[in-house]
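Descriptive analysis of the structure
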Amino acid sequence: MTSILRTIEFLALSLWLGSDVFLSFVVAPGAFRVLAPNRDQAGAVVGFSLTRMHLGGIVLGIAFLLIRLLRTRSLASFVTPAALCVVLMIALTAISQYTVSARMAVLRVQMGSIQATGADSPLLAEFGRLHLISVSLESGVLLAGFAAMFLMVRELATGR
């Protein structure tokens, strides 16, 4: 049973990391390349995908923690380095989704069209600033996820 639960932990983290890598390096650049004449549509595709990835990531992170608790039967498993990385991933994802992305969505509506908004617009400047924050948060999620995966492998090697 322990092996099955550990496999589910790895699977949850792998699915989250895989979706993040796929969105960041395939979906987003692809949408902006294929829909190049209409950056607003490309942004809508990426925004839609990002929301789904964030929600899925939060669910996978919570599942990871619950499965870990079930496997170890100890609340101390929540303060292991791997689990703390996943908690950080959940926190960064929630901040990105419920504060940064939410504010960006409001700005998109206010501008009507990002593509047609003048470069000197304070709304566009704020959107750009938030986009940088969003990318930074997503980078943090990826780094924490890679660290969690490394730490899980180390736990497995040491028999924890």
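First things first, this report covers the structure right here in the doc.

Reading guide: rules and limits
Residues numbered from 1 in each chain as written. Predicted model: local features only at pLDDT ≥ 70, side-chain atom pairs only at ≥ 80, totals over all residues. Heavy atoms only, no water. Axes fitted to C-alpha atoms, helices over the stretch in contact; angles between N-to-C directions. Helix = DSSP H or I, 4+ residues; strand = E, 2+ residues; numbered from the N terminus. Parallel < 35°, antiparallel > 145°, perpendicular 65-115°, else oblique. Nonpolar A, V, L, I, M, F, W, Y, C, P; charged D, E, K, R; others polar. Left-handed = near helix turned anticlockwise from the far one by under 90°. Patch = residues over 30% accessible without salt bridge, like charges linked within 9 Å, V, L, I, M, F, W, Y side chains within 5 Å. Areas by Shrake-Rupley, 256 points an atom, 1.4 Å probe, with all protein chains shown as cover. Salt bridge = Lys/Arg side-chain N within 4 Å of Asp/Glu carboxyl O. Core = buried A, V, L, I, M, F, W, Y, C linked by side-chain atoms within 4.5 Å. Buried < 20%, exposed > 50% of the residue type's maximum accessible area, 1.4 Å probe, protein only. Contact = heavy atoms within 4.5 Å.

So, about the packing of helix 1 (residues 2-34) against helix 2 (residues 39-72). The interhelical angle for the contact between helix 1 and helix 2, taken along N-to-C directions, is 170 degrees, at an axis separation of 9 Å. Between helix 1 and helix 2, the crossing angle belongs to the class labelled roughly antiparallel. Of the residues that constitute the contact of helix 1 with helix 2, the class distribution is 21 nonpolar, six polar and six charged.

This paragraph deals with the packing of helix 3 (residues 81-111) against helix 4 (residues 122-158). Here helix 3 crosses helix 4 at 165 degrees, and the two axes come no closer than 9 Å. Taken together, the axes of helix 3 and helix 4 are roughly antiparallel relative to one another. When the axes of helix 3 and helix 4 are compared, the crossing they make is left-handed. Split by residue class, the contact of helix 3 with helix 4 holds 24 nonpolar, seven polar and five charged.

Taken together, the side chains of Val-21, Phe-22, Phe-25, Val-26, Leu-143 and Phe-146 present a nonpolar region at the surface, about 610 Å² in accessible area. When residues of the nonpolar patch are traced back to their parent elements, those giving at least two are helix 1 and helix 4. If you tally residues by element for the nonpolar patch, the top one is helix 1, at four residues. Within the secondary structure, Phe-25 sits in helix 1.

This part is about the nonpolar core. Leu-13, Phe-64, Leu-65, Val-86, Met-89 and Met-152 are the most contacted members of the largest nonpolar core, which totals 28 residues. Secondary structure elements with two or more residues in this core: helix 1, helix 2, helix 3 and helix 4. Take this core: its biggest share by element is eleven residues, from helix 3. When sequence neighbours within four positions are dropped, the list of residues in contact with Met-89 reads Leu-13, Trp-16, Val-141, Ala-144 and Gly-145.

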